[in-house]
Amino acid sequence: MWQNFLWVFLGGGFGSVARYSFGLLFSYLGFQKFPFATLLVNLLGSFLIGLFFGYFKEPFGKERLWIVTGFLGGFTTFSAFSYESFILFEKSFFLGLLNVSLNFLGALFLVWIGYKIIS
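Report follows, based on the coordinates. None of the values given here were measured: they were computed from a predicted structure. (Residues numbered from 1 in each chain as written. Predicted model: local features only at pLDDT ≥ 70, side-chain atom pairs only at ≥ 80, totals over all residues. Heavy atoms only, no water.)

1. Considering the nonpolar core
One broad rule of soluble globular proteins: the nonpolar side chains tend to lie buried together. Listed in full, the eight residues of the largest apolar core are Ala18, Val41, Ile49, Phe56, Ile67, Val68, Leu72 and Phe75. Secondary-structure elements contributing two or more residues to this core are helix H2 (36-55) and helix H3 (62-75). With four residues, the single largest contributor to this core is H3. Leaving out residues up to four positions away in the same chain, Leu72 has contacts with Gly45, Leu48, Ile49, Phe52 and Ile67. The next biggest cluster of nonpolar side chains, apart from the first, holds five residues, and it includes Phe34, Leu43, Leu88 and Ala107. (Core = buried A, V, L, I, M, F, W, Y, C linked by side-chain atoms within 4.5 Å. Buried < 20%, exposed > 50% of the residue type's maximum accessible area, 1.4 Å probe, protein only. Helix = DSSP H or I, 4+ residues; strand = E, 2+ residues; numbered from the N terminus. Contact = heavy atoms within 4.5 Å.)

Below, the structure is given as structure tokens:
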């Protein structure tokens, strides 16, 4: 049982570092007016979660715990998305709505696409 926690812990650490790296990269590239890094991470993470949920049939297998629960749980950024959406809504209702719509609808669509590709 403790090994399951270890897999989630390791995956979450790598996922968080990957998420932080995306943020640094997008900041370095000058994308600061709109949270594109969070959008990309949420969309990519949703697609990958769809793929891996379809691929890993065993819910508590180490691969699924490491990749889906750990890595992708640390990689995707709903809390950052919520905060950035709040800030955008304060500045512009349109940008806030755009951010929420693209993240939510895009993520649902890509989970579905990822799942359909595998199953």
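2. Overview of the packing of aromatic side chains
For the structure shown, the criterion picks out 13 aromatic pairs. With centroids separated by 5.6 Å and ring planes inclined at 50°, the aromatic side chains of Phe26 and Phe31 adopt a geometry described as tilted. Under the relative-accessibility criterion, Phe31 is labelled partly exposed at 42%. Taken together, a centroid distance of 4.9 Å and an interplanar angle of 55° make the contact between Phe34 and Phe36 tilted. Residue classification places Phe36 among the partly exposed positions, given a relative accessible area of 37%. (Phe/Tyr/Trp six-rings, centres within 6.5 Å; stacked < 30°, edge-to-face > 60°.)

3. Points about helix H4 (residues 78-91)
Taking 1.5 Å as the rise per residue, H4 with 14 residues should run 20 Å; its terminal C-alpha atoms sit 20 Å apart, in good agreement. Within H4, the full set of buried residues consists of Phe81, Ser85 and Leu88. In an axial view of H4, the angular spread of the buried residues amounts to 65°, which keeps them on one side of the axis. For H4, the exposed residues lying more than 90 degrees away from the buried face are Ser79, Tyr83 and Glu90. Looking at the buried residues of H4, the elements they touch are H2 and helix H5 (93-118). (Expected span 1.5 Å × (residues − 1). Arc of directions from axis to C-beta.)

4. What to know about the packing of H2 against H5
Across the interface, H2 lies against H5 with an axial gap of 7 Å and an inter-helix angle of 25°. Taken as axis vectors, H2 and H5 run roughly parallel relative to one another. Crossing handedness for the pair H2 and H5: right-handed. From H2, Thr38, Leu39, Asn42, Leu43, Ser46, Phe47, Gly50, Leu51, Gly54 and Tyr55 reach across to H5, where they touch Leu102, Asn103, Gly106, Ala107, Leu110, Val111, Ile113, Gly114, Tyr115, Ile117 and Ile118. Taken together, the residues that form the contact of H2 with H5 break down as 13 nonpolar, eight polar and no charged. (Axes fitted to C-alpha atoms, helices over the stretch in contact; angles between N-to-C directions. Parallel < 35°, antiparallel > 145°, perpendicular 65-115°, else oblique. Left-handed = near helix turned anticlockwise from the far one by under 90°. Nonpolar A, V, L, I, M, F, W, Y, C, P; charged D, E, K, R; others polar.)

5. Structural notes on the side chain of Ser85
Counting through the fold element by element, Ser85 comes out in helix H4. When its relative accessible area of 4% is taken as the criterion, Ser85 is described as buried. At 2.8 Å, the side chain of Ser85 forms a polar contact with the side chain of Asn99. Excluding its chain neighbours within four sequence positions, the residues that come into contact with Ser85 are Gly96, Asn99 and Val100. (Polar contact = N/O pair within 3.5 Å; in protein donor to acceptor, adjacent residues only side chain to side chain.)

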